Amino acid sequence: EAGVAQSPRYKIIEKRQSVAFWCNPISGHATLYWYQQILGQGPKLLIQFQNNGVVDDSQLPKDRFSAERLKGVDSTLKIQPAKLEDSAVYLCASLWGGGETQYFGPGTRLLVL
Amino acid sequence: GENVEQHPSTLSVQEGDSAVIKCTYSDSASNYFPWYKQELGKRPQLIIDIRSNVGEKKDQRIAVTLNKTAKHFSLHITETQPEDSAVYFCAANTGNQFYFGTGTSLTVIP
């Protein structure tokens, strides 16, 4: 089966610019996660979707980050405006509704200068 | 919410020796505990998992133990090989929400 797809793989922007990341989960996976992984740390959950509804966005910095999952399939994560501390890898993961194993995408490596 | 602590942060072992990584969690409702291996620049890959109704699980050179009473679980890698060198993350799952440890960088010295 195809895995979780993410794009772009790398992005370099200047602070105060905006950026958007895209994720396509495994077909049929109802749950989708966006994580932020800062170098040397474990993934930190930003937002969790169940179909097109938000389950948890308590750690999403809503003043600058937004995410949506229209039609319960693909998802986009946006940062506007970006700060230096947003430099990280943004991982998308998906999980089948009846399972426990989450599958990660390759991640988008963001560098904010 | 759940809090997962992981130790040690770095671990070096000689090839052929065993490696043990330990995690603790705080939420007794957590019922699924996966372990991920992440090589440099790559995505986390699930290597083994354990559910709360099981005390131990083994897959070839990798084993995981769970002590629900003490709220800790451990990853054991035996007969380590250089290709085991990576960062390992533990996680605890509560209601499809995953909480990750801070990672252990394992180096296997040939």
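Data block above holds the structure.
Residue positions are counted from 1 within each chain, in the order its sequence is given. Ligands are numbered from 1 and chains lettered from A, in the order in which they are written. Totals for whole chains, interfaces and linings use all residues, but because this is a predicted model, local features are given only for residues with pLDDT of at least 70 and pairs of side-chain atoms are given and counted only at 80 or more. Hydrogens and water are ignored here; the side-chain numbers use all heavy atoms of the structure.

Novice: Any chance you could explain the overall build of chain A here in plain terms?
Specialist: Numbered from the N terminus, helices here are DSSP runs of H or I no shorter than four residues, and strands are runs of E no shorter than two. A tally of regular secondary structure across chain A gives 0 helices and 11 strands. The size measure is the radius of gyration over C-alpha atoms, and the globule rule it meets is 2.2 Å times the number of residues to the 0.38 power. For a compact globule of 113 residues, the expected C-alpha radius of gyration is about 13 Å, and chain A comes in at 13 Å, within 12% of that figure. Expressed as lengths along the three principal axes of its C-alpha atoms, the size of chain A is roughly 40 × 25 × 25 Å. Considering chain A as a whole, with its 113 residues, one finds that 47% of them fall into the buried category. Only four residue types enter the tally: Lys and Arg on the positive side, Asp and Glu on the negative side; His and the chain ends are excluded. Where a charge lies is defined by one atom per residue type: Lys uses NZ, Arg uses CZ, Asp uses CG and Glu uses CD. Charge centroids of chain A, computed over 12 positive and 10 negative side chains, lie 7 Å from each other. Buried residues are those whose accessible area, probed at 1.4 Å on protein chains only, stays under 20% of the maximum for their type, while exposed residues exceed 50% and partly exposed ones sit between those limits.

Novice: Just to check I follow, could you spell out the interface of chain A and chain B for this structure?
Specialist: It is common to report an interface's size as the accessible area lost on association of the parts. Every residue pair with non-hydrogen atoms within 4.5 Å of one another is taken to be in contact. Chain A puts 22 residues into the contact, and the matching count from chain B is 16 residues. Accessible area that two parts lose when put together, evaluated with a 1.4 Å probe and summed over both, is termed the buried area. Of the roughly 1600 Å² buried between chain A and chain B, counting both surfaces, carbon and sulfur atoms make up 46%. Salt bridges are counted wherever a side-chain nitrogen of Lys or Arg sits within 4 Å of a carboxyl oxygen of Asp or Glu. Connecting chain A to chain B are 1 salt bridge. One salt bridge connects Glu100(A) with Arg51(B), and the closest N-O pair in it is separated by 2.4 Å. Here a polar contact means two N or O atoms within 3.5 Å. Within protein one must be a hydrogen donor candidate and the other an acceptor candidate, and residues neighboring in sequence count only if both atoms are side-chain atoms. Linking chain A to chain B there are 7 residue pairs in polar contact (both at pLDDT 80 or more). Those elements giving two or more residues to the side of chain A that touches chain B turn out to be β4 (31–37), β6 (53–56), β9 (88–95) and β10 (102–104) of chain A. Looking at which element gives the most residues to the side of chain A that touches chain B, the answer is β4(A), with 4 residues.

Novice: How should I be thinking about the pairing of strand β4 (residues 32–38) of chain B in this particular structure?
Specialist: Within a regular beta strand, the side chains point alternately toward one face of the sheet and then the other, so they alternate between its two faces. All names here are of chain B. Among the 7 residues of β4, 7 are classified as buried, and the element is accordingly described as predominantly covered. Both faces of β4 are covered, namely the face carrying Tyr32, Pro34, Tyr36 and Gln38 and the face carrying Phe33, Trp35 and Lys37. We call two strands paired when DSSP finds no fewer than two bridges between them. One ladder, built from 6 bridges, connects β4 with strand β5 (residues 45–51); its direction is antiparallel. If you follow Phe33 over to β5, its bridge partner there is Ile50. Once β4 ends, the chain turns through 6 residues before running back antiparallel as β5, passing Gly41 with a positive phi of about 75°. When β4 meets strand β9 (residues 86–94), the two strands line up antiparallel, connected through 5 bridges. Looking across to β9, one finds that Gln38 is bridged to Val87.

Novice: Help me out: how do you make sense of the packing of aromatic side chains in this one?
Specialist: Here the distance between the centres and the angle between the planes together describe a pair of aromatic rings. Paired rings are identified among Phe, Tyr and Trp, the last through its six-membered ring, by centres lying within 6.5 Å, and are further divided according to the angle between planes into stacked (under 30 degrees), edge-to-face (over 60) and tilted (the rest). Inspection of the entire model under this criterion finds 14 aromatic pairs over all chains. Both rings, one in Phe104(A) and one in Phe100(B), keep their centres 6.1 Å apart while their planes meet at 65°; by these two values the pair is edge-to-face. With one member in each of two chains, Phe104(A) in strand β10 and Phe100(B) in strand β10 (residues 97–100) form a pair that bridges those chains. Phe100(B) carries the same exposure label as Phe104(A), and that label is buried. Connected via pairs of aromatic rings, a cluster forms that spans Tyr33(A), Tyr35(A), Phe104(A), Tyr32(B), Tyr36(B), Phe98(B) and Phe100(B).

Novice: What is the right way to read the pattern of salt bridges from this model?
Specialist: Think of it this way: side chains of opposite charge can pair up when their charged atoms draw near. Residues and elements named next belong to chain B. What the rule picks out here adds up to 5 salt bridges over all chains. Note that Asp49 and Lys57 form a salt bridge whose closest N and O atoms lie 2.7 Å from each other. Classification of Asp49 by relative accessible area gives buried; the value is 7%.

Novice: What am I meant to see in the sheet that holds strand β3 (residues 19–25) of chain B here?
Specialist: To summarise the sheet geometry, strands pair through backbone hydrogen bonds and adopt either a parallel or an antiparallel arrangement. Residue and element names in this part refer to chain B. Across the sheet, which stays open at both edges, the 5 strands sit in the order β1-β3-β8-β7-β6 with antiparallel pairing between neighbours. Each end of this open sheet is capped by a strand with a single partner; those strands are β1 (4–7) and β6 (56–59). Mean inter-strand twist for the sheet, computed between neighbouring axes without regard to direction, equals 15°. Helix axes are fitted only over the stretch in contact, all axes being lines through C-alpha atoms; the angle between N-to-C directions runs from 0 to 180 degrees.

Novice: For this particular structure, what's the right way to read the pairing of β4(A)?
Specialist: Residue and element names in this part refer to chain A. The element β4 is extensively covered by neighbouring structure, given that 7 of its 7 residues are classed as buried. Alternating positions in β4 separate into two faces, Thr31, Tyr33, Tyr35 and Gln37 on one and Leu32, Trp34 and Gln36 on the other, with burial throughout. Taken together, the 6 bridges between β4 and strand β5 (residues 44–50) define a ladder with antiparallel strand orientation. Paired with Gln36 across the strands is Lys44, a residue of β5. As consecutive antiparallel partners, β4 and β5 are separated by 6 residues, and within that stretch Gly40 has a phi angle of approximately 85°, a positive value. For β4 and β9, the ladder comprises 7 bridges, and the chain directions are antiparallel. Following the sheet pairing, Tyr35 is matched in β9 by Leu91.

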